[in-house]
Amino acid sequence: MPRRSILTARQRAPLIDIPKDEASILYHYTLSDEDLEHISARRRPENRFGYALQLRQPPG
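What counts as what
Numbering of residues begins from 1 in every chain and follows the order in which that chain's sequence is written. Restriction of local features to residues with pLDDT of at least 70 applies here, the model being predicted, together with a cutoff of 80 or more for giving and counting side-chain atom pairs; totals for whole chains, interfaces and linings are based on all residues. Side-chain calculation: all heavy atoms of the structure are included, whereas hydrogens and water are not. Only DSSP runs of H or I reaching four residues or more are called helices, and only runs of E reaching two or more are called strands; each is numbered from the N terminus. We compute the radius of gyration from the C-alpha atoms alone; for a globule the expected value is 2.2 Å times N to the 0.38, where N is the number of residues. Think of it in three bands: residues with accessible area under 20% of the maximum for their type are buried, residues over 50% are exposed, and the middle band is partly exposed, with areas taken using a 1.4 Å probe on protein chains only. Residues scored as positive are Lys and Arg, those scored as negative are Asp and Glu, and His as well as the terminal groups of each chain are ignored. In plain terms, the charge of a residue is placed at NZ if it is Lys, CZ if Arg, CG if Asp and CD if Glu. Every axis in this analysis is a line fitted to C-alpha atoms, fitted for helices over the stretch in contact. Angles between the N-to-C directions lie between 0 and 180 degrees. When an angle is under 35 degrees it counts as roughly parallel; over 145 it counts as roughly antiparallel; between 65 and 115 it counts as roughly perpendicular; any other value is oblique. Crossings are sorted by hand: turned counterclockwise from the far helix by less than a right angle, the near helix makes the crossing left-handed, and turned clockwise it makes it right-handed. Contact between two residues is taken to exist if any of their heavy atoms lie within 4.5 Å; hydrogens are not considered. Asp, Glu, Lys and Arg are counted as charged, while Ala, Val, Leu, Ile, Met, Phe, Trp, Tyr, Cys and Pro are counted as nonpolar; the rest, among them Gly, fall into the polar class. Two joining distances apply to patches: 9 Å for like charges and 5 Å for nonpolar side chains (Val, Leu, Ile, Met, Phe, Trp, Tyr), and every residue must have over 30% relative accessible area and no salt bridge. For accessible areas, the Shrake-Rupley method is used with a probe of radius 1.4 Å. Any residue's cover is judged against the shown protein chains and nothing else. Salt bridges are defined by distance alone: a side-chain nitrogen of Lys or Arg within 4 Å of a carboxyl oxygen of Asp or Glu.

(A) Region of the structure containing the overall build of the chain. In terms of regular secondary structure, the chain is built from four helices and zero strands. Each helix and strand of the chain, placed in order from N terminus to C terminus, yields the pattern α-α-α-α. Taken over the C-alpha trace, the chain has a radius of gyration of 16 Å; the compact-globule value for 60 residues is 10 Å, which it surpasses by more than 25%. Out of the 60 residues belonging to the chain, those deemed buried represent 7%. Taking the 10 positively charged and 8 negatively charged side chains of the chain as two groups, their mean positions are separated by 14 Å.

(B) Quick peek at the packing of helix H3 (residues 33-42) against helix H4 (residues 48-55). Contact pair H3 / H4: the axes reach a minimum separation of 10 Å and the direction vectors enclose 140°. With respect to H4, the element H3 is oriented oblique. Crossing of H3 against H4: the hand is right-handed. On H4, the residues touching Asp35, His38, Ile39 and Ser40 of H3 are Arg48, Tyr51, Ala52 and Leu55. Looking at side-chain class alone, the contact of H3 with H4 contains four nonpolar, two polar and two charged residues.

(C) Fine view of a nonpolar patch on the surface. A cluster of nonpolar side chains, contributed by Ile6, Leu7, Leu15 and Ile16, occupies part of the molecular surface with about 480 Å² of accessible area. Mapped onto the secondary structure, isoleucine 6 falls in the segment before helix H1 (9-16).

(D) Looking closely at the environment of leucine 36. Structurally, the position occupied by leucine 36 is in helix H3. Residues leucine 36 and arginine 48, 12 residues apart in the sequence, show an inter-C-alpha distance of 9.4 Å.

On their own, these measurements won't tell you what the molecule is for.
Next up, the structure:
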């Protein structure tokens with residue numbers, strides 16, 4: 001029996017494809033100075049990495 005796919009290939013592409021333009025790469029894979037200040041002020045060292053990952057989750 002073939003596997004059912006919940007999403008079409010067109011719907012999956014934006015979720016899986018790696019950004020190719022510089023602006024998207026910078027947005028998704030770097031933290032701003034404001035982000036770093038926010039993390040340092042509100043989280044202990046042992047929690048900062050996980051919190052930073054949550055900051056850059058895609059919208060929606």
